[in-house]
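Chains, contacts and geometry: an overview
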Protein chains: 2
Amino acid sequence: MQKGRLFVISGPSGAGKGTICKEILENENIRLSVSMTTRAPRDGEIDGVNYFFVSKEEFQKIIEERGFLEYAEVYGNFYGTPKMEVMDMMNAGIDVVLEIDIQGALQIKEAYPEAVFIFILPPSMSELRKRITGRGSETEESLELRLGETLNEIAYIDKYDYCVVNGELQDAVNRVTAIIMAEHSRVSEDVYKIIERYKEEL
Amino acid sequence: MQKGRLFVISGPSGAGKGTICKEILENENIRLSVSMTTRAPRDGEIDGVNYFFVSKEEFQKIIEERGFLEYAEVYGNFYGTPKMEVMDMMNAGIDVVLEIDIQGALQIKEAYPEAVFIFILPPSMSELRKRITGRGSETEESLELRLGETLNEIAYIDKYDYCVVNGELQDAVNRVTAIIMAEHSRVSEDVYKIIERYKEEL
């Protein structure tokens, strides 16, 4: 059995990471990593499905044990990706997809450089502007700030392995799917095991 | 327009390189590189389609100009891959596929390391034995020699980027197709051009 791989899907907000991930997860051999958080569960949220809900003390303990691939504090609550959870799935031959912002992706690259890093780009700044405006949650000023921030984020693209422009959704999904398939054909330690098998056969 | 890439499809004979290449070429944006040779054309062979037919003097001149990505002498005839031909297609945005043995692939890696190297493996030695025997052109002794040679060749797999086991043909074709698609999503100079465009837009 081939080990699973970790695919980090990242990029500026509004690029469509979430929609792409949802489509990718149609494949039964791929699962989304479940984050751990110290915030209280909201109505309908299930422990172990939406998040692993833990106390601040528990979270702190895992930080100290270096048990997170990445973590961050947002408005006083902690969010993190537990390493053990991801490793267990990969050892069971399942690919793990992690949807995360650029800061989180850079942390993961430090902790687990063997992951495959995919940057999702919006097709253009004007299209991104349209998508953000469509959500209706931004003032003109905060919109301009956000677009400037997006440009800063895009500069980190050289830390990534792949870049997929999300213009037409199905095309972007096909590209990410191709990346996942191709990465399983990379010459790696698995290949050396195959060679050994050929030798034994002869 | 994105530049084309060179995909070197290689592996031991009997692994099924040729059949896979034929399927891949169904895609209109991919072409097979046409080799140059000093041997005489056979009935029905067309210059520029099956081969570029040239004199030994012309071939020698191109060797001296370092105009081949690889070349070899087989039974007194020369065969080679003209660099110019491949580069012209890539500059026109066309992917070039080159089906070649391992010695040729290693020469190309020296001359053009930016190429993508794909190793096609037979599913097992017993399956390879069956395929070669099926062709009926080998004695028992030459068969054993060939299988031994195959094992030596497989040892070069670590010079390659990808490895595809050709058990079920359609699965192998899908994998090579995914590799071609994924390589076009690699973070490369093309991506930096895209970033510049985003900046100009804002």
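Residues numbered from 1 in each chain as written. Chains lettered and ligands numbered in written order. Predicted model: local features only at pLDDT ≥ 70, side-chain atom pairs only at ≥ 80, totals over all residues. Heavy atoms only, no water.

Side note on the overall build of chain A
We apply this condition: Note on conventions: DSSP H or I runs of at least 4 residues are helices, E runs of at least 2 residues are strands, and numbering of each starts at the N terminus. Exposure classes here rest on a 1.4 Å probe applied to the protein chains alone. A residue is buried below 20% of its type maximum, exposed above 50%, and partly exposed in between. In this description, contact between two residues means that some pair of their heavy atoms is separated by no more than 4.5 Å. With residues, only the protein chains shown are counted as cover, and all accessible areas are computed by Shrake-Rupley using a 1.4 Å probe. Note on charges: Lys and Arg go in the positive column, Asp and Glu in the negative column, and His and the chain ends are not counted at all. To locate a charge, take atom NZ for lysine, CZ for arginine, CG for aspartate or CD for glutamate.
Each helix and strand counted, chain A has eight helices and nine strands in total. The C-alpha extent of chain A, read off along each of the three principal axes, is 70 × 40 × 30 Å. Split into buried and exposed, the 202 residues of chain A put 44% on the buried side. Pairs at least 24 residues apart make up 67% of the contacts formed inside chain A by residues separated by at least 6 positions. When the accessible surface of chain A is summed, it comes to about 10600 Å², and 49% of that surface belongs to carbon and sulfur atoms. Of the side chains in chain A, 23 bear a positive and 36 a negative charge, and the two mean positions are spaced by 2 Å.

A look at the side chain of B:Ser10
Residues and elements named next belong to chain B. Quick note on the threshold: Here a polar contact means two N or O atoms within 3.5 Å. Within protein one must be a hydrogen donor candidate and the other an acceptor candidate, and residues neighboring in sequence count only if both atoms are side-chain atoms.
Assignment of secondary structure puts Ser10 in strand β1 (residues 6-10). Here Ile100 takes part through its backbone oxygen, which lies 3.0 Å from a polar atom of the side chain of Ser10. Polar contacts involving the side chain of Ser10 include one to the side chain of Tyr160, which spans 2.9 Å. In this structure, Ser10 is in contact with Lys17, Ile100, Asp101, Ile102, Ala105, Ile118, Phe119, Ile120 and Tyr160, ignoring residues within four places of it in sequence.

Points about the nonpolar core
We apply this condition: Here, the term nonpolar core denotes a set of buried Ala, Val, Leu, Ile, Met, Phe, Trp, Tyr and Cys residues that are joined through side-chain atoms within 4.5 Å.
Judged by nonpolar contacts, the single largest core of 38 residues is most densely connected at A:Ile118, A:Val176, B:Ile118 and B:Val176. Ignoring sequence-local partners within four residues, the contact set of A:Val176 consists of A:Ile9, A:Ile20, A:Ile24, A:Ile118, A:Ile120 and A:Val164. Ranked by size, the runner-up nonpolar core spans 34 residues in total, among them A:Val187, B:Val8, B:Leu151 and B:Ile154.

Brief notes about the packing of aromatic side chains
Keep this limit in mind: Working definition: rings of Phe, Tyr and Trp (its six-membered ring) pair if their centres are within 6.5 Å, and the pair is stacked with planes under 30 degrees apart, edge-to-face with planes over 60 apart, and tilted otherwise. Charge over a ring is defined by NZ of Lys or CZ of Arg lying within 6 Å of the ring centre and within 35 degrees of the ring normal.
Tallying each qualifying case throughout the model produces 16 aromatic pairs over all chains. Between A:Phe68 and A:Tyr71, the aromatic rings sit 5.9 Å apart at their centres with planes inclined by 50 degrees, giving tilted as the arrangement. For A:Tyr71, a relative accessible area of 32% corresponds to the partly exposed category. Note on B:Phe59 and B:Phe78: the rings are 5.4 Å apart at their centroids and 35 degrees apart in plane angle, and the pair reads as tilted. Taken as a pair, B:Phe59 in helix α2 (residues 56-64) and B:Phe78 in strand β6 (residues 77-82) lie far apart in primary sequence, 19 residues in all. Here the two residues B:Phe59 and B:Phe78 agree in accessibility, since each one is buried. Members of the aromatic cluster, connected to one another through ring pairs, are A:Phe59, A:Phe68, A:Tyr71 and A:Phe78. Between the NZ or CZ atom of A:Arg197 and the centre of the ring of A:Tyr198, over which it lies, the distance is 6.0 Å.

So, the UniProt feature "binding site: ATP" (unreviewed entry) in chain A
Residue and element names in this part refer to chain A. Our working rule: UniProt positions are given in the numbering used here, feature names are shortened, and annotations may be inferred rather than shown by experiment.
As recorded in UniProt, the sites labelled "binding site: ATP" (unreviewed entry) are Gly11, Pro12, Ser13, Gly14, Ala15, Gly16, Lys17 and Gly18. Inspection of the secondary structure puts Pro12 in the loop between β1 (6-10) and α1 (17-24). Note on Pro12: relative accessible area 0%, which makes it buried. Excluding anything up to four places from it in sequence, Pro12 contacts Lys17, Ile102, Phe119, Ile120, Pro122, Thr150, Glu153 and Ile154.

Considerations on the sheet that holds strand β2 (residues 30-32) of chain A
All names here are of chain A. Rule in force here: Each pair of strands is called paired provided DSSP finds at least two bridges between the two strands. To define axes, lines are fitted to C-alpha atoms, for helices over the stretch in contact only, and angles between the resulting N-to-C directions are given on a 0 to 180 degree scale.
One open sheet accounts for five strands, arranged β2-β7-β1-β8-β9; its pairing is parallel. Only two strands of the sheet have a single partner each, and these edge strands are β2 and β9 (162-165). Direction aside, neighbouring strands of the sheet carry axes that sit 25 degrees apart on average. Seen against the sheet, α1 touches β1, β2, β7 (95-100) and β8 (116-121) and runs at an angle of roughly 165 degrees to β7.

Some remarks on the side chain of B:Thr81
Structurally, B:Thr81 is set in strand β6. Looking at B:Thr81, its side chain comes within polar contact range of the side chain of B:Glu70, at 2.5 Å.

Regarding the relation of the copies chain B and chain A
Keep this limit in mind: A residue counts toward the fit only if its pLDDT is at least 70 in both copies, and the copies are then superposed by least squares on the C-alpha atoms of those residues.
In screw terms, the move from chain B to chain A is a rotation of 180 degrees and a rise of 0.0 Å along the axis, fitting with an RMSD of 0.0 Å. Look at the turn and shift together and you get a two-fold axis relating the two. It is B:Ala178 whose C-alpha, among those of chain B, lies nearest the rotation axis, at 2.2 Å. A high fraction, 100%, of the interface residues of chain B reappear at the interface in chain A, so the copies pair face to face through one surface.

Looking at helix α6 (residues 140-154) of chain A
Residues and elements named next belong to chain A. Where we set the bar: For a helix, the expected span equals 1.5 Å multiplied by the residue count minus one. To obtain the arc, one takes the directions from the helix axis to the C-beta atoms.
Here α6 contains 15 residues, and its C-alpha end-to-end distance of 21 Å stays within 8% of the 21 Å for a straight helix at 1.5 Å per residue. For α6, every residue scored as buried is listed here: Leu143, Leu147, Thr150, Leu151, Glu153 and Ile154. For α6, the angular spread of buried residues about the axis comes to 160 degrees, placing them on one side. Away from its buried face by more than 90 degrees, α6 exposes Glu141 and Leu145.

Considerations on the interface of chain B and chain A
Applied cut-off: Once two parts are brought into contact, the accessible area they lose, counted with a 1.4 Å probe and summed over both, makes up the buried area. Think of a salt bridge as a Lys or Arg side-chain nitrogen and an Asp or Glu carboxyl oxygen that are within 4 Å of each other.
Chain B puts 39 residues into the contact, and the matching count from chain A is 39 residues. Interface area, chain B with chain A, both sides summed: about 3300 Å², of which 69% is carbon and sulfur. Remark: the boundary between chain B and chain A carries two salt bridges. For A:Arg186, the salt bridge is made with B:Glu183, and the minimal N-O distance between the two is 3.7 Å. For the pair chain B and chain A, the number of links is twelve residue pairs in polar contact (both at pLDDT 80 or more). Taken together, the elements giving at least two residues each to the side of chain B that touches chain A come down to α5 (125-135), α6 (140-154), β9 (162-165), α7 (169-183) and α8 (189-201) of chain B.

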